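A closer look at the structure
So you can see what is in the structure, the chains are spelled out below.
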Amino acid sequence: MREILRRSLTGAVYIILLLSAVFLSSDAFDFLFMVFGLACLNEYKKLVGLGGRYIYMAYLALWWAFIYFVTDIWLVYALLGCTLTINILLLYYLFSKKEKLFNTFQKFVIGLFYIGGGCIFLTMIPYTNDDFVKFLIIGIFLLIWVSDSFAYIVGSLFGRTKLFSRVSPKKTVEGALGGLVFALATAYLLAKYEPIINSWQWLIVATVTVVAGGLGDLVESKLKRAAGVKDSGAILPGHGGMLDRLDSLVFAAPFAYLTLNIFANVS
């Protein structure tokens, strides 16, 4: 009971902080995820054994460039291409049976685009036609939260078939499908409150976001398994590290951004 209470309180504080930043201002939201990104990078460095501080400087330089200075859409697409390429390579790593050992340069590049690129595109999502659309990014958050919550509930009640036992023994196919179904229902409801994209577009965005988010969670689980740890950190009581909390969002962000631009013409 004490553990459940601790997890609930931590989760409530996290959600309040995040939503407060969204409603306060776009700058507050950007700054919050810049800090979250640094926390995730710090945990990633420990997981993969990457030394030095250069990745922090590279991340901050990339962040400031693309959030405040870069306006050329082709440069944004170049960053998107790099981020998606790294994520696809991480998926190859996920499904490989070998515990691949990356060299220092590879760890640096992977961290910069997996964490840095993910956080940058997460903060780019709500910027539409020079406006900061609060409920668009809140919708992305809700899709991940609903999917995670109902995957756990449905998996606990009906889960029988292991999803990826080699990496995450507790996850089940039934739980993953349950999470997706409830996320799709949430997407349909979101179209009623955020009509910038219609119901079908929300459903497409939800499918891509939830599937990518689930894969992102498994990628982080494999990184932790390779490092021999249960959590990426201990900054969030009852939840582990910041990367444990944001793994799905960070990995799904570039896929969601691309989907919104292609299928919903949001940019």
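Note that this is a predicted model, so its numbers are computed, not measured.

How each quantity is defined
- As a convention, each chain's residues are numbered from 1 in the sequence order in which they are written.
- In keeping with the model being predicted, local features are shown solely for residues with a pLDDT of at least 70 and side-chain atom pairs are shown and tallied solely at 80 or more, while totals for entire chains, interfaces and linings include all residues.
- The side-chain figures draw on all heavy atoms in the structure; neither hydrogens nor water molecules are used.
- Patch membership requires over 30% relative accessible area and the absence of a salt bridge. Like charges are linked within 9 Å, and nonpolar side chains (Val, Leu, Ile, Met, Phe, Trp, Tyr) within 5 Å.
- For every accessible area listed, the method is Shrake-Rupley and the probe measures 1.4 Å; residues are considered covered only by the protein chains on display.
- Salt bridge, as used here: a side-chain nitrogen of Lys or Arg that lies within 4 Å of a carboxyl oxygen of Asp or Glu.
- The secondary structure listing takes helices from DSSP runs of H or I that are at least 4 residues long and strands from runs of E that are at least 2 residues long, numbered from the N terminus.
- Within this scheme a cavity is a closed region of a 1 Å grid, computed over the protein atoms alone, that accommodates a 1.4 Å probe without allowing it to escape, whereas a pocket is open but has protein on both sides within 12 Å along at least five of seven lines; lining residues each have an atom within 4 Å of a point.
- Grid points are joined across faces, edges and corners, and a volume is the space filled by probe spheres set on the points.
- Each residue is assigned to one class: nonpolar for Ala, Val, Leu, Ile, Met, Phe, Trp, Tyr, Cys and Pro, charged for Asp, Glu, Lys and Arg, and polar for all the others, Gly among them.
- UniProt positions are given in the numbering used here, feature names are shortened, and annotations may be inferred rather than shown by experiment.
- To estimate how far a helix should reach, multiply one less than its number of residues by 1.5 Å.
- To sort residues, take the accessible area from a 1.4 Å probe on protein chains only and compare it with the maximum for the residue type: under 20% means buried, over 50% means exposed, and anything in between is partly exposed.
- Polar contacts, as counted here, are pairs of nitrogen or oxygen atoms within 3.5 Å of one another; within protein the pair requires one atom able to donate a hydrogen and one able to accept it, and residues that are adjacent in sequence qualify only if both atoms are side-chain atoms.
- Throughout, a contact is declared for two residues whenever any of their heavy atoms are within 4.5 Å.

**Some points on a nonpolar patch on the surface**
Taken together, the side chains of Tyr152, Ile153, Leu157 and Phe158 define a hydrophobic patch exposed on the protein surface, amounting to about 480 Å² of accessible area. With respect to the element layout, Tyr152 can be found in helix H6 (residues 134–158).

**Some remarks on the layout of surface pockets**
Looking at the second largest pocket, its volume works out to about 470 Å³. Lining the second largest pocket we find 20 residues, and of these Phe66, Val70, Met124, Tyr127 and Tyr257 sit closest to its centre. Among the secondary structure elements, those contributing two or more residues to the lining of the second largest pocket are helix H3 (54–69), helix H4 (73–95), helix H5 (104–124), strand E1 (127–128) and helix H9 (242–263). Ranked by residue count, the leading element in the lining of the second largest pocket is H9, at 3 residues. Here the lining of the second largest pocket is built from residues that sort into 11 nonpolar, 6 polar and 3 charged.

**Thoughts on the UniProt feature "transmembrane region" (unreviewed entry) in the protein chain**
Those places that UniProt annotates as "transmembrane region" (unreviewed entry) correspond, in this numbering, to residues 12–41, 53–70, 76–96, 108–127, 133–154, 175–193 and 199–219. Summarising residues 53–70: 89% helix, 0% strand, and an end-to-end C-alpha distance of 24 Å. In the segment residues 175–193, helix accounts for 100% and strand for 0%; the C-alpha atoms at its two ends are 27 Å apart.

**Details of H4**
Look at H4: 33 Å from first C-alpha to last across 23 residues, which is about the 33 Å you get at 1.5 Å a residue. Within H4 the residues assigned to the buried category are Val76, Leu79, Leu80, Thr83, Leu84, Ile86, Asn87, Leu90, Leu91, Tyr93 and Leu94.

**Quick word on the side chain of Asn87**
Looking at where Asn87 falls in the secondary structure, it is placed in helix H4. Looking at Asn87, the relative accessible area reads 0%, which means it is buried. Of note is the side chain of Asn87, whose polar atom sits 3.3 Å from the backbone oxygen of Phe251. Excluding residues within four positions of it along the chain, Asn87 makes contact with Tyr114, Phe251, Pro254 and Phe255.

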